[in-house]
Amino acid sequence: MQNQRCHFLILFIQFVSIISFCYHIMPIRGQDETNVIKKVDVGIILDLETNVAKVMHTCILLALEDYHAANRSAIRIVPHFRDSKKDDVEAASAAIYLLKDVKVQAIFGPQMSTQTDFVIDIGNKVKVPVISPATSPSLSVKENPYFIRAALPSSSQTKAIAAIVKNYEWREVVIIYEDSPFGTGIVPHLTDALLEISTLVSYRSVISPSANDDQILRELYKLNTMQTRVFIVHLQSFLASRLFFKAKEAGMMSSGYAWIITDVLTSLLDSVDPSVIESSMQGVLGVKPYFPRSHELNNFTKRWRERFRQEYPNMDQVELNVYGLWAYDSITVLAKAVQNVGTTAIPEVKKPDTKENLSDLDALGTSELGSLLIDTLQNTSLKRGLSGDFRIIDGELQPSPYQIVNIIGKGERSIGFWTESDGISYKLTMNGKTANSSNKQLGTIIWPGESTIVPRGWEMPTSGKKLRVGVPVKGGLEQFIKVEIDSKTQAVTATGFCADVFKEVIQSLPFAVPYELIPFRIPDTLTLPDYDDLIYKISSKEYDAVIGDVTILANRSKYVDFTLPFTESGISAVVPVRDDERKNAWIFLKPLKTELWITTGAFFVFIGFVVWVLEHRVNKEFRGPKHKQVGMIFWFSFSTLVFAHRERVTSNLTRFVIIVWVFVVLVLTSSYTANLTSMLTVQQLQPTVTNLNDLITNGEYVGYQEGSFVKDVLKRMNFDSSKFKSYSTLEEYNDALSRGSKNGGVGAIVDELPYLRLFLNKYCRKYIMVGPTYKAAGFGFAFPKGSPLVPDVSRGVLKVMEGEFMNNIIQKWFGNETDCPEKDGMAITSDSLTLDSFKGLFLIAGVSAGSALLIFFLIFLYQNREILDTDDSIWQKLSTIAKVFDEEKDSSNSKSEMPEDNESQTATPFAASAASPEILLHLASQSPDIRISDSLGASLTEEGFSTPEPGTPVHETLIGTTEER
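Sequence positions are assigned chain by chain, starting from 1 and proceeding in written order. Per-residue local features of the predicted model are confined to residues with pLDDT of at least 70, and side-chain atom pairs are confined, for both listing and counting, to 80 or more; whole-chain, interface and lining totals are unaffected and use all residues. The side-chain values count all of the structure's non-hydrogen atoms but skip hydrogen atoms and water molecules.

**Comments concerning unusual backbone geometry**
- The omega angle of the peptide bond from Gly 109 to Pro 110 is -10 degrees, so this bond is cis rather than trans.
- A helix here means a DSSP run of H or I that spans at least four residues, while a strand means a run of E at least two residues long, and both kinds are numbered starting from the N terminus. Mapped onto the elements of the fold, Pro 110 is located in the loop between strand E3 (106–108) and helix H4 (113–126).
- Residues other than glycine seldom take positive phi values, yet Glu 450 does so here, at roughly 55 degrees.
- Topologically, Glu 450 is positioned in the loop between strand E18 (423–425) and strand E19 (467–473).
- Judged by relative accessible area, Glu 450 falls into the exposed class, the value being 73%. Note on exposure labels: buried denotes an accessible area under 20% of the residue type's maximum, exposed denotes more than 50%, and partly exposed covers the range between, all computed with a 1.4 Å probe on protein chains only.

**Concerning helix H22 (residues 730–739)**
- Among the residues of H22, Leu 730, Tyr 733, Asn 734, Ala 736 and Leu 737 are the ones counted as buried.
- Buried-residue contacts for H22 involve strand E25 (569–576), strand E26 (702–705), strand E27 (724–727), strand E28 (748–752), helix H23 (753–762) and strand E29 (767–776).
- Just downstream of H22, Gly 740 is the residue with a positive phi angle, here 80 degrees. Pairs of residues are marked as contacts when any of their non-hydrogen atoms sit within 4.5 Å.

**A word on the confidence of the model for the protein chain**
- Values of pLDDT, the confidence the predictor places in each residue, fall between 0 and 100. Per-chain confidence: the protein chain averages 80 in pLDDT, with 79% of residues scoring 70 or above.
- Counting interchain partners and residues more than four positions distant, the pLDDT-below-50 stretch residues 821–830 has 24 contacts.

**Brief notes about the side chain of Ser 741**
- Its location among the elements puts Ser 741 in the loop between H22 and E28.
- For Ser 741, a relative accessible area of 16% corresponds to the buried category.
- At 2.5 Å, the side chain of Ser 741 forms a polar contact with the side chain of Glu 700.
- Any pair of nitrogen or oxygen atoms within 3.5 Å is treated as a polar contact; in protein, a donor-acceptor pairing is required on top of that, and neighbouring residues in sequence qualify only through side-chain atoms on both sides. Within the structure, the side chain of Ser 741 is placed 3.1 Å from the backbone nitrogen of Gly 747, a separation counted as a polar contact.
- In this view, Ser 741 contacts Glu 700, Tyr 701, Val 746 and Gly 747; residues no more than four positions away in its chain are not counted.

**Regarding the packing of aromatic side chains**
- Two rings belonging to Phe, Tyr or Trp (six-membered ring only in the last case) form a pair when the distance between their centres is within 6.5 Å. Interplanar angles under 30 degrees mark stacking, angles over 60 mark edge-to-face geometry, and anything in between is tilted. Tallying each qualifying case throughout the model produces 31 aromatic pairs.
- Ring centres of Tyr 536 and Tyr 559 lie 4.9 Å apart, and the angle between their planes is 75 degrees; on these two criteria the pair is classed as edge-to-face. You can see Tyr 536 sitting in helix H16 (residues 531–539) and its partner Tyr 559 sitting in the loop between strand E23 (545–546) and strand E24 (560–562), a full 23 residues away along the chain.
- Residue Tyr 536 is classed as partly exposed on the basis of its relative accessible area of 31%.
- Ring pairing ties together the aromatic residues Phe 480, Phe 497, Phe 502, Tyr 515, Phe 566, Tyr 755, Phe 779, Phe 781 and Phe 814, which thus form one cluster.
- Each ring is checked for a lysine NZ or an arginine CZ that lies within 6 Å of its centre and within 35 degrees of its normal; such an atom marks a charge sitting over the ring. When the ring centre of Tyr 97 is taken as reference, the NZ or CZ atom of Arg 82 above it lies at 4.4 Å.
- Over the face of the ring belonging to Tyr 701 we find Lys 725, whose NZ or CZ atom lies 4.6 Å from the ring centre.

Right, here's the structure in full:
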């Protein structure tokens, strides 16, 4: 039993020995048998004199220790640190040394952008990845295939800063940046981000890194003389601390100012002198990349502090920052990439084949491992990195949320966050996305000067400089603007409608705006300065504003910003009125237009002809010689004009035609009478011309106000510029219109509505406004492009216009506009009637007469159809038909066929009337169609519209009988 146990023990010892031998003796695949552990050299280039580099140095050491402890691998990454000493050449020299002598397979650093630019070029040449925390946007990942950016570029924060500016509706900002590649790199991106929210960069202040305190203070005093009170600072900590200290001295850290610092300063706030923070940076806003707090990060922070004290025992007040966390995550990612590549092979550096004399760069060769590493590094990630979600895509570190902080006391206080997808928010969820909250505003902010009131973003300059306001000086129309200069004090005062509105608007603003008036003379000539030149004085920085009767135009808005208009406007023309037409001998022809007179006369003749055609064969009154028949056509038709026709008609067709025509005549005569009465009783204000095109056709001279843009409008309307005349007063307008074009005056005055209404209010009985009104924007106050005063002044204009003040100053300067009701050309006038108004009536009359004529001819042809059935030629048939048409129709047959009882009934009443005149008189009064004949004594008339004619014997007998009774 003991032998078996001993034998088993011996076998176990042999098995363990074999295992140990294999573990210690067998070489790792792909490695030399002489080395158990394969080392991979990595170069680290940092400015070890800076606090940031020292923080990253400690983080890199901890990252390698943590990775090796967590991954038992035969590959060990060996860091080789080199100090660039804040010098580009030193950085390049360090890179060459690491690549040539140490033969590193990757480089982390440098941290400065200018140094990184050199090292990237070397890395591209030898195919070695360069992982750099440089933030300059000018370093392009796409143009440098072996460059990996392990920090967010400074341009990524510009949208976060722009969101803060937009949140408080600041329209102008000043950018203060360092005069170095670090400082200038962000400016174009920040400017573009601000322009996207319609915010203007009013000034760019460049601070040299070597600037002394006096130079910084002079620059701050210069900024203080400007209106803008929002400053964005992009400086490194050593220069920023001096800037804010001097800003406090210049009084620029008080209420009304707003300061925003970029991430390079916010993230390294611990490197700023605490005394400067407490005394000179209170109320400043800052943005910095956000990294979520976690249990791992808290533990690492404790370890980092201990290790940092060991590495740098003489340094205090240095805290772990985001650059250190990015360095930690970058080294971790690099170690994983080396591990992935090293499981297959770890190639050596390939030396150049040539034996010629080579430079240091040419002698470096190329790294085969670097080509393998770059493919892994360009797209990698750490889901739970110390800095959060650490993702590199296409060689670029992906943006993370930005934290917005407010500097209070000795440190900072978080007031919100910004993400590209959701913008500003007060809180974030754990995954970095904006929490769903109805409140999208930042938290409570303590602004400079311990104020809780949001700065307006601009103020009037504190240097005592006043707003320079240009006002036009001209010789007339003083109701709008009048400028007076005191001969002793040279003080400039302005009165008039526009000046009063401006003064009231300025007084309504919630802040004081001191200003001084600067007169600008507008002379009476076409070649000297006009209102456009006055506006250009703003863009040339000579004036800060322009007031007066300045019209808002599109071409002027290219150079200045206008407030809302305080008057309505438009362009129209004023012309003289015609003389009183009531004195015209031919005024009775005016009620109807010429075409209506002609049409009416033609229809009179046509209706007379139709009646003659229908009646001349059956009615003796329409027969006789040819000239008598022609005369009857005209007489009968025109007698209907006054309803004086007495000829009897027998045809029902004729009666139908006459009834319709009498109605037409009734309407015509009524309309004519009404219009003529109006012309004779109502005073007319008829213009000499009704359209501006008539002025061009007639070659009339046209007047306009001197210095006005109306001159350009007339040119665009194809007026001859040689026909222009400029005037400056209402009296000159009146004189020019009174004389007319032929006597050295003008045929019309073209101007804006406010001036024309003022003119008509004074001369309303002599002139009238005509033509279409061309729209214009009205009068407004002009300010420089992007001026922060424009919104406030526009609101002041609205406030003034809505109040009673506007009515008062209109009454003050223009009087009661209702005193002259015809000033706008709206007097009651009666134009001549046109044919269009009676087309319907003439159509009815024409159709009626034509229909009756057609029916008559159809009946006539039917009654004489035997003529058409003969074998005669067509000419003979027409000749026969014409003779029959001209002959009187024989009515004897129709009379002989009348019943005898009718004759007896006809004779009976008249027999009775011979014995009884009373009955005859009664019958005469009962029937107007009873006609007394000289030969018959008493007989029943035939059908017709005729009435007893006065003067017949029987008529006299009836009258006498009546008198006897």
